[in-house]
Amino acid sequence: MRKWTVLVVLAAIQMLLSFDTMLMSVSISAITEDLQTNITAVQAVITVYALLIAALLITAGKLGDHIGLRRVLAIGLGLRILGGCISAFAPTILVFAAGESLIEALGAVLIIPASVAILASTYEGHDRAKAFGMLSASTAMAIALGPIVGGWLTTEFSWRYAFAGEAVLAAALLTCVRFLPRSVAPNSESGFDWLGVLLSATGMALVVLGFQRASIWGWIENKDSPITPLGLALTPFVVIGGAVCLGVFSVTQQRRARRDLPVLIDPQMFTRRYLRSSLLSIMATQTVAVGLLFAILLYLQTVLGYSALASGLALLPMAVCSFAAALLWPRLSRILSPRAISLIGMGSLASAAAVLYWSVSPRVAGDPFLLAAALLGLSFGLLTSQLSAVSQGAVLEDERSSVGGVHFTAHGLGTALGPAIVGTVVIAGLASAMGGLVQSAPTLRAETRQLASLKIERNLPFLSQSEAAIAVSNLGIPKQDAAQVLALYQRAELVALENGALVAGMIALAGAVFAFGLPKKRPEP
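Residues numbered from 1 in each chain as written. Predicted model: local features only at pLDDT ≥ 70, side-chain atom pairs only at ≥ 80, totals over all residues. Heavy atoms only, no water.

**Q** Hey, could you run me through the overall build of the chain in this one?
**A** Helix and strand counts for the chain stand at 17 helices and 0 strands. Long-range contacts, defined as pairs at least 24 residues apart, comprise 82% of the intrachain contacts of the chain with a sequence gap of at least 6. Entry remark: accessible area of the chain is about 22,600 Å², with carbon and sulfur atoms responsible for 65%. (Helix = DSSP H or I, 4+ residues; strand = E, 2+ residues; numbered from the N terminus. Contact = heavy atoms within 4.5 Å. Areas by Shrake-Rupley, 256 points an atom, 1.4 Å probe, with all protein chains shown as cover.)

Shown next, in the form of structure tokens:
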């Protein structure tokens, strides 16, 4: 039992981080009302949290090489305690943002790569497979329980209790850090690449920000961009600026490596085929999985009017299957190669998208929807376990912390890309489908078609049934046609979601190509 103490501690820490992510998704309305702010401000808190993590994961991965992994993890938990307390007692949205978006995000940045590196260095062979499987299973459990526990605390008591509870749990876990192995800091005497920190952080932040805001600002043509350089949306300029920073970062890393100067990432790591393939695969996995989850939540909460708690219960099959797949993966890894397991996972992702495409309807389509959620969970559980193990197995012992940061940076890029791509397809598809349905409806008056074309077709938002009814009544459409226009809008929403699922499925099939770069032989015991 003592052998698995490290895993238990790290799995509990992983659950804490995943629970926090799910907590924010179910507490937006309550936080907005209690802090007397608006949803846009609370969503900005979530955006900044994601940006900070994406920007600093590479740096945090290297920090473990300088001061030791256990110390980095302890500092991260200390920041989570402080941030949780500030968030729980925040009197204003600015104080809440300081606790959640700044301090708690910094804590997560330190914890994520350190925990993966400690796990990989503690266990070997099939024990490592079991450990990664359990780590992924703990994430799945937090995803399942997060909306339910968070929704219950928010509804019955206050969202503040949930954040205070996080701080208490972090404090308890901090006392357990002593059970983790001490690690030698291999580069404690060397300098730090501060230029690399600046370039990588700026580049990642800009790229992720561009992806996150693309559905609002527009990819090229301006929709709601704060500024319009050359008359275009801000998105391409932000993404290109980030890409330029990352390109300069890559060049400087290679030059510093040739001169034997300290680097943030050893460029030689990316010459290893298995590592490159695992990074591309995890990015594709997250793009599809988070994109599909975005579409599913939009369907449940907006089209069907589910509450956050009801949505969490509807997604329970996804979390259960993800948990089961993560537990099953160590056994599968004994008989199947990483390539085969990853192809099965990608196939499950594509199948989930296909089933969702066919099951979207004005009411939850029972078994087909459950099957889509189950397939999504199955793929997530298999792929996150397998790809983490391949990434860590492709590098040397003293590179584990750095590669942990790089791995989760690719993970974060996919997480930002998924909602950006699927969200853009869904919103664009809504306007296109609504325009086509209105123009082809034979019983609508010409006056109604004209009004709908002028006032609905451009920048059409996703609305609940009640919001859509109010919007239609405000258009000045004749009462005789209002009910039909509302029905057409609801049909257009379903068509748009079908388009999103179709695109996600195509990305999953394309992403399967990366899996062919993974090992085709199963690892030795």
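From this point, things continue past the structure.
**Q** What should I look at first to understand the packing of helix α3 (residues 69-88) against helix α4 (residues 93-122) in this one?
**A** A pair of packed helices is captured by two measures, namely the crossing angle of their axes and the spacing between those axes. In contact at an axis separation of 7 Å, α3 and α4 are set at 155° when each is read in the N-to-C sense. Considering the angle they form, α3 stands roughly antiparallel to α4. Helix-helix and strand crossings are classified by hand; for α3 and α4 the assignment is left-handed. (Axes fitted to C-alpha atoms, helices over the stretch in contact; angles between N-to-C directions. Parallel < 35°, antiparallel > 145°, perpendicular 65-115°, else oblique. Left-handed = near helix turned anticlockwise from the far one by under 90°.)

**Q** It is not clear to me how helix α9 (residues 273-303) should be interpreted in this structure. Could you clarify?
**A** Counting along an α-helix, one turn takes 3.6 residues, and residues three or four places apart therefore face a common direction. With 31 residues, α9 should reach 45 Å at 1.5 Å per residue; the first-to-last C-alpha distance of 44 Å fits that figure. Burial within α9 is extensive, with 22 of its 31 residues counted as buried. With its phi angle positive at about 75°, G305 sits one or two positions after the end of α9. (Expected span 1.5 Å × (residues − 1). Buried < 20%, exposed > 50% of the residue type's maximum accessible area, 1.4 Å probe, protein only.)

**Q** Any chance you could explain the layout of surface pockets here in plain terms?
**A** Space left empty within the atom packing is revealed by a probe, the size of a water molecule, rolled over the atoms. Considered as a void within the structure, the second largest pocket measures approximately 530 Å³ in volume. Lining the second largest pocket we find 19 residues, and of these I58, I265, F270, L279 and V406 sit closest to its centre. Secondary-structure elements contributing two or more residues to the lining of the second largest pocket are α8 (235-258), α9 and α14 (400-440). Its residues assigned to classes, the lining of the second largest pocket shows 13 nonpolar, 4 polar and 2 charged. (1 Å grid on protein atoms, 1.4 Å probe; cavity = no way out; pocket = protein on both sides within 12 Å on 5 of 7 lines; lining within 4 Å. Points joined across faces, edges and corners; volume = space filled by probe spheres on them. Nonpolar A, V, L, I, M, F, W, Y, C, P; charged D, E, K, R; others polar.)

**Q** Can you help me understand the environment of A428 in this one?
**A** Looking at the element boundaries, A428 is found in helix α14. With 68 residues separating them in the primary sequence, A428 and A496 have C-alpha atoms 7.7 Å apart.

**Q** Help me understand unusual backbone geometry, please; the structure alone is not making it clear to me.
**A** It is generally the case that most residues other than glycine have a negative phi and that most peptide bonds are trans. A positive phi angle is found at L230, which is not glycine, with a value near 55°. Of note, L230 is situated in the loop between α7 (194-217) and α8.

**Q** Would you explain the packing of aromatic side chains in this entry?
**A** The geometry of an aromatic ring pair is captured by two quantities: the separation of the ring centres and the angle between the planes. Counted under the stated rule, the structure contains 5 aromatic pairs. Ring centres of F96 and F163 lie 5.5 Å apart, and the angle between their planes is 85°; this geometry places the pair in the edge-to-face category. Of the two residues, F96 is situated in helix α4 and F163 in helix α6 (residues 159-176); the sequence distance between them amounts to 67 residues. For the residue pair F96 and F163, the accessibility class agrees, reading buried in each case. (Phe/Tyr/Trp six-rings, centres within 6.5 Å; stacked < 30°, edge-to-face > 60°.)

**Q** For this particular structure, what's the right way to read the environment of I118?
**A** Here I118 lies in helix α4. On the basis of relative accessibility, which here comes to 2%, the residue I118 falls in the buried class. For I118 and L180, which are 62 residues apart along the polypeptide, the C-alpha to C-alpha distance reads 8.0 Å. Discounting chain neighbours no more than four positions away, the residues touching I118 are V6, L10, L69, R70, L73, L180 and P181.

**Q** I keep staring at the confidence of the model for the chain and nothing clicks. Help me out?
**A** Scored by pLDDT, the chain has a mean of 78; 87% of the residues are at 70 or more. Considering each helix and strand of the chain separately, the mean pLDDT is smallest for helix α15 (residues 446-455), with a value of 64, and largest for α3, with 89. (pLDDT = per-residue confidence, 0-100.)

**Q** Please explain the environment of S281 as it appears in this structure.
**A** Here S281 shows up in helix α9. Classification of S281 as buried rests on a relative accessible area of 2%. Remark: the alpha-carbon pair of S281 and G414, spanning 133 residues in sequence, is separated by 9.6 Å.

**Q** Explanation requested: the pattern of salt bridges in the structure shown.
**A** It is possible for side chains bearing opposite charge to pair when their charged atoms get close. For the structure shown, the criterion picks out 4 salt bridges. In this structure, R160 engages D34 in a salt bridge whose closest nitrogen and oxygen atoms are separated by 3.0 Å. With a gap of 126 residues between them, R160 in helix α6 and D34 in helix α1 (residues 5-34) connect regions that are remote in the sequence. Judged by relative accessible area, which is 36%, D34 ranks as partly exposed. Residues joined by salt bridges that share partners form a network here, namely R80, E104 and E166. (Salt bridge = Lys/Arg side-chain N within 4 Å of Asp/Glu carboxyl O.)

**Q** What is the right way to read the nonpolar core from this model?
**A** One recurring pattern in soluble globular proteins is that nonpolar side chains are buried together. In this structure, Y299 and L497 are the most contacted members of the largest nonpolar core, which totals 70 residues. Elements with a minimum of two residues in this core: α7, α9, α12 (338-359), α13 (366-393), α14, α16 (465-473) and α17 (479-515). Discounting chain neighbours no more than four positions away, the residues touching L497 are A295, L298, Y299, V303, V360, V426 and F462. With 45 residues, the next largest nonpolar core counts L69, L110, W329 and L332 among its residues. (Core = buried A, V, L, I, M, F, W, Y, C linked by side-chain atoms within 4.5 Å.)

**Q** What is the right way to read the side chain of S200 from this model?
**A** Tracing the chain through its elements places S200 in helix α7. Polar side-chain contacts of S200 include one of 3.3 Å to the backbone oxygen of V197. Among all residues touching S200, those that are not within four sequence positions of it are A55, I58, T59, L246, F249 and L264. (Polar contact = N/O pair within 3.5 Å; in protein donor to acceptor, adjacent residues only side chain to side chain.)

**Q** Just checking my understanding: could you explain a positive patch on the surface for this structure?
**A** A cluster of like positive charges, contributed by R273, R276, K520 and K521, occupies part of the molecular surface. For K521, the location among the structural elements is in the segment after α17. (Patch = residues over 30% accessible without salt bridge, like charges linked within 9 Å, V, L, I, M, F, W, Y side chains within 5 Å. Lys, Arg positive; Asp, Glu negative; His and termini not counted. Charge placed at Lys NZ, Arg CZ, Asp CG, Glu CD.)

**Q** Please explain the side chain of E104 as it appears in this structure.
**A** When you line up the elements, E104 lands in helix α4. Engagement of the side chain of E104 in a polar contact is seen with the side chain of S87, the distance being 3.5 Å. Excluding residues that lie within four positions of it along the chain, E104 makes contacts with D20, Y49, R80, G83, G84, S87, G99, F163 and E166.

**Q** So what exactly am I meant to see when it comes to a nonpolar patch on the surface here?
**A** A grouping of I220, L230, L232 and F237 is seen on the molecular surface, where their side chains present a nonpolar patch of about 390 Å² in accessible area. The topology assignment puts I220 in the loop between α7 and α8.

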